[in-house]
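Breakdown of the fold
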Amino acid sequence: MPPPSSLPWRRSARRRRTKAEPDATPRARQRRGSGAGNPEDNTTIKKIIPFLKGRNKWRNVMNEQDKSAPQSPFEKKKLRRVVAASFAGALLEWYDFFIFGTASGLIFNRLFFSNADPTLGMIAAFATFGVGFLARPLGGIVFGHFGDRVGRKSTLIATLIITGGATFLIGLLPTYQSIGIWAPILLATLRLVQGFGLGGEYGGAALMTIESAPYEQRGFWGALPQMAASAGIMLATGVFALCNLVFTEQELLAWGWRIPFLLSAVMLIVGLLIRLHVEETLDFSQAKAKHAKAKTDAARGTVTRPKEALPIVELFRGHPREIVLALGARLAETVSSNIINAFGIAYVSTQLALGRELPLTGMLIASFVGIGMCPLAGWISDRVGQRAVYMAGAIATLLLIFPFFMLLNSGNATLVCLAFLVTYNLGPTLMFAVQPTMFARMFRTRVRYSGLSFAYQFSAILGGLTPLIAATLLAVGGGAPWLVAGYGAVIALLSFISVVLVDPAPVRGVDDHLAHAGEDVRSN
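In this report, the structure presented in the accompanying data block is examined. Here the structure is a predicted model, which is why all the values come from computation and not from measurement.

Re the overall build of the chain
- In terms of helices and strands, the chain carries 24 helices and 2 strands.
- Here the chain holds 524 residues, and 52% of them are scored as buried.
- Long-range pairs, those at least 24 residues apart, make up 83% of the contacts in the chain with a sequence separation of at least 6.
- For the chain, the exposed surface amounts to about 22,300 Å²; the carbon and sulfur share of it is 67%.

Structure below.
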């Protein structure tokens, strides 16, 4: 008896199905997929494939995994809540940090170092400002550990309380006239606590949003919490500018300077209320579930599970190259930001004797524009890649740092404000906007919090010491700012080289599925 497929009615049914639906049979579908049997189809496919590879390579890798990213209106609503929580907490912590930098250049040298001459007093105040950056790496390691093991959400609540509490207590400190040498000691101590808390904030706040966002839009969503830096500068500068307008010189030095620090208590309460009502990130939840399953299988004896290492140890074992490159890439952003903001305000008000109002106004305008610059840079990075945007910011810093000081030296109010506006937004803001998304792609989920925090906070040591270094270089240069500009240019070049060496393909491990539009995915 012949096989069923060779029977006449079977052959007729197959012919009818093939004529009506040419792609219905497996063999026809195979011919269509390979382009066999039609030379024109081959030509068309050859023309289309390079284009698809160039623009949509991520779709081939992430098609199934994209389903877990927030796509429905309800999920997007939750994502907006996560962004709001990240932004609110980051705003408070950046505000806390920047009011200290602003006060260091304008107030603290006369209140806590009144026994020194003005130049030495400014250097001592900036040294206290830099102390906070020394504590940030320790905070990054400690909170990075708990962020990778316990969760992003609970860790960020702790960093918020620590930083906000320290800032509030600074507003209650007695000055040098009241308790002598204990005043600067207590100031430096609270600055250390403040820096320790902020050390765990950056990595967690960025990851809360990035790890919950759609993969092809992570540049944009990841840039939204970064607006908090510009908003924090604007808020801190604006509060001090308002105090400067409302109070007389004597009132400001007597008690008016305390108001910006005491206001952080209100922001702390608001930030806590928001962060307490957000969920854990998608990436971390999935990684934790896989980790729990592996642990259960190991307990049952079905699989052999290696001994679990600390996140910081696992980070150095698996990502030594990425750590070095992230450190180098970060330097241009942190150094240039502190040259423009903390040192630039002090330089214009003290060295050029143009008053406090002018640099504060210039920085206020620059920060306001920076709030809109961050999402724009993130949106562009989703189309051209974070590396390209970051390199553009490093080159802009290199080219603009000397003209920045030239415009400041002109003494013209319009040119001074223009210098702050252009240099701040085309340099550090452009890099800062895409920084967390670029760094997140360099590390696996299980060590990502530690990786971001370590790279960011250890490079921040040099950034925090930049006002002190700049003030010293200014004194060495006889009051001319060109050594400071040269210092900033060299750092910008170093960061540009580091970003060039960053692998454009995101790291992807067994617990990670972070990828980016237009780029390959590499295993680690």
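Remarks on the nonpolar core
- Counting residues in each nonpolar core, the largest one holds 121 residues, and the members touching the most others are Trp 94, Phe 108, Phe 112, Phe 261, Phe 405, Leu 408 and Phe 420.
- When near neighbours in sequence (up to four residues on either side) are disregarded, Trp 94 contacts Arg 136, Leu 198, Ala 228, Ala 229, Gly 232, Phe 432 and Tyr 456.

Points about the packing of helix α19 (residues 357-384) against helix α20 (residues 386-410)
- Look at α19 against α20: their axes get within 7 Å of each other, and the N-to-C directions meet at 125°. By the angle between their directions, the pair α19 and α20 is classed as oblique. Residue-level inspection shows Ala 377, Ile 380, Ser 381, Asp 382 and Val 384 of α19 in contact with α20, the latter providing Gln 386, Ala 388 and Val 389.
- Partitioned by chemical class, the residues of the contact of α19 with α20 number 5 nonpolar, 2 polar and 1 charged.

Let's talk about the environment of Val 422
- Along the chain, Val 422 falls in helix α21 (residues 413-426).
- For Val 422, a relative accessible area of 29% translates into the label partly exposed.
- As for Val 422 and Val 369, which are separated by 53 residues in sequence, their C-alpha atoms are 9.6 Å apart.
- Setting aside residues no more than four positions away along its own chain, Val 422 makes contact with Leu 400 and Gly 427.

Topic: the side chain of Ser 230
- Within the fold, Ser 230 resides in helix α12 (residues 227-246).
- For Ser 230, the residues in contact, after removing those within four places along its chain, are Ser 367, Gly 370, Ile 371, Tyr 424 and Thr 429.

Regarding the side chain of Gln 226
- Mapped onto the elements of the fold, Gln 226 is located in the loop between α11 (218-223) and α12.
- With sequence-adjacent residues up to four places away left out, Gln 226 is seen in contact with Tyr 202, Cys 374, Phe 432, Ala 433 and Pro 436.

Some remarks on the pattern of salt bridges
- In the structure shown here, the tally under the stated rule is 1 salt bridge.
- Two residues, Glu 333 and Arg 330, come together in a salt bridge whose shortest N-O distance is 2.2 Å. Taken together, the positions of Glu 333 and Arg 330, both in helix α18 (residues 320-351) and 3 residues apart, correspond to about one turn of that helix. Accessibility assignment for this pair places Glu 333 and Arg 330 in one class, buried.

Here's the deal with a positive patch on the surface
- Taken together, the side chains of Lys 76, Lys 77, Arg 80 and Arg 81 present a region of like positive charge at the surface.
- Assessed through its relative accessible area of 48%, Lys 77 is described here as partly exposed.

Reading guide: rules and limits
Residues numbered from 1 in each chain as written. Predicted model: local features only at pLDDT ≥ 70, side-chain atom pairs only at ≥ 80, totals over all residues. Heavy atoms only, no water. Helix = DSSP H or I, 4+ residues; strand = E, 2+ residues; numbered from the N terminus. Buried < 20%, exposed > 50% of the residue type's maximum accessible area, 1.4 Å probe, protein only. Contact = heavy atoms within 4.5 Å. Areas by Shrake-Rupley, 256 points an atom, 1.4 Å probe, with all protein chains shown as cover. Core = buried A, V, L, I, M, F, W, Y, C linked by side-chain atoms within 4.5 Å. Axes fitted to C-alpha atoms, helices over the stretch in contact; angles between N-to-C directions. Parallel < 35°, antiparallel > 145°, perpendicular 65-115°, else oblique. Nonpolar A, V, L, I, M, F, W, Y, C, P; charged D, E, K, R; others polar. Salt bridge = Lys/Arg side-chain N within 4 Å of Asp/Glu carboxyl O. Patch = residues over 30% accessible without salt bridge, like charges linked within 9 Å, V, L, I, M, F, W, Y side chains within 5 Å. Lys, Arg positive; Asp, Glu negative; His and termini not counted. Charge placed at Lys NZ, Arg CZ, Asp CG, Glu CD.

That's the geometry; what it means functionally is another story.
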